[in-house]
Amino acid sequence: MSEEKQNFEEYYGYKYEELFVGQSAVYARTVTEADILAFAGVTGDFNPVHVNEELAASTMFGGRIAHGMLSAGFISTVFGMKLPGPGCIYLSQSLKFKAPVKIGDTVTVRCTIKELTPEKRKAKFDTVATVKGKVVLEGEADIMVPAR
């Protein structure tokens, strides 16, 4: 019986040589009650502003809000699944949370290449998440991308 070695190349996204400054990709998702509860369960963050409507109603937000890191996680979706895609390595991320995300909001994340460093196969991205055109979070990320 011969064992075939699996070729994982077919799973990979873009190669470093295929990237260019200004290239971008988008992911959008409507945040649900289930998303917030699943995120709380996975992370252990049951802050009442996320899971207790009565308490959250008394805050400056006037109701429950999604975890900021849930929206930030959608940035990872772009990198891991779209641009550069599978095979890339997430090196760093800065984040500024600008506005709350509520249940039923559709978060749209756009990641845009702003700088390429060929000798290190690194790409620097602007990362922005919006709800109805309003920025809810922004930052920068460094990603390492496989070569050909």
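Before reading further, recall that the structure is shown in the block above.
Nothing here was measured: the structure is a model prediction, and the numbers come from that model. (Residues numbered from 1 in each chain as written. Predicted model: local features only at pLDDT ≥ 70, side-chain atom pairs only at ≥ 80, totals over all residues. Heavy atoms only, no water.)

(A) Geometry of the overall build of the chain. The number of helices and strands found in the chain is 4 helices and 5 strands. From first element to last, N terminus to C terminus, the chain shows the α and β order β-α-α-α-α-β-β-β-β. Its C-alpha atoms put the chain at 60 × 45 × 20 Å along the principal axes. Sorting the 148 residues of the chain into buried and exposed places 34% on the buried side. (Helix = DSSP H or I, 4+ residues; strand = E, 2+ residues; numbered from the N terminus. Buried < 20%, exposed > 50% of the residue type's maximum accessible area, 1.4 Å probe, protein only.)

(B) Representation of the nonpolar core within the structure. Ranked by internal contacts, the top residues of the largest apolar core, which has 30 residues, are Val31, Phe79, Val107, Val109 and Phe125. Among the elements of the structure, helix 1 (33–43), helix 4 (68–81), strand 3 (106–117), strand 4 (122–131) and strand 5 (134–144) are those that each provide at least two residues to this core. In terms of residue count, the dominant contributor to this core is helix 4 (6 residues). Ignoring any residue separated from it by four or fewer positions in sequence, one finds phenylalanine 125 in contact with Phe79, Leu83, Pro84, Cys111, Thr112, Ile113, Lys114, Gly139, Glu140, Ala141 and Ile143. (Core = buried A, V, L, I, M, F, W, Y, C linked by side-chain atoms within 4.5 Å. Contact = heavy atoms within 4.5 Å.)

(C) Region of interest: unusual backbone geometry. Cis rather than trans, the peptide bond between leucine 83 and proline 84 has omega equal to 0°. Considering the arrangement of structural elements, one finds proline 84 in the loop between helix 4 and strand 2 (89–97).

(D) Layout of the pairing of strand 5. Where strand 2 meets strand 5, 8 bridges bridge the pair, whose relative direction is antiparallel. Within strand 5, the position partnered with serine 92 by the bridge is aspartate 142. Relative to strand 5, strand 4 is paired through 10 bridges, and the arrangement is antiparallel. Residue pairing across strands places alanine 129 opposite leucine 137, the latter belonging to strand 5. (Pairing = 2+ DSSP bridges.)

(E) Local environment of the pairing of strand 4. In this sheet, strand 4 lies alongside strand 3 in antiparallel orientation, the contact comprising 10 bridges. Paired with threonine 112 across the strands is aspartate 126, a residue of strand 4. Remark: 4 residues form the turn of the hairpin made by strand 3 and strand 4, two consecutive strands paired antiparallel; arginine 121 in that turn has positive phi of roughly 55°. Connecting strand 4 to the next strand, strand 5, in antiparallel fashion are 2 residues, including lysine 132 with a positive phi near 50°.

(F) Broad picture of the pattern of salt bridges. Inspection of every chain in the model, using the stated rule, returns 7 salt bridges. Note that glutamate 138 and lysine 98 form a salt bridge whose closest N and O atoms lie 3.4 Å from each other. With glutamate 138 in strand 5 and lysine 98 in the loop between strand 2 and strand 3, the pair connects residues that are 40 residues apart, well separated along the chain. Taking relative accessible area as the criterion, lysine 98 reaches 48% and is therefore assigned partly exposed. In this structure, the salt-bridge partner of lysine 124 is glutamate 140, at a minimum N-O distance of 3.9 Å. (Salt bridge = Lys/Arg side-chain N within 4 Å of Asp/Glu carboxyl O.)

(G) Main features of the packing of aromatic side chains. Inspection of the entire model under this criterion finds 3 aromatic pairs. Here the aromatic rings of tyrosine 27 and phenylalanine 74 are separated by 5.8 Å at their centres, their planes lie at 55°, and the arrangement is tilted. A residue pair is termed long-range when its members are at least 10 positions apart, and tyrosine 27 in strand 1 (residues 24–30) and phenylalanine 74 in helix 4 qualify at 47 residues. Taking relative accessible area as the criterion, phenylalanine 74 reaches 6% and is therefore assigned buried. Each ring, one from phenylalanine 79 and one from phenylalanine 125, has its centre 4.8 Å from the other, and the planes form 65°; the classification is edge-to-face. (Phe/Tyr/Trp six-rings, centres within 6.5 Å; stacked < 30°, edge-to-face > 60°.)

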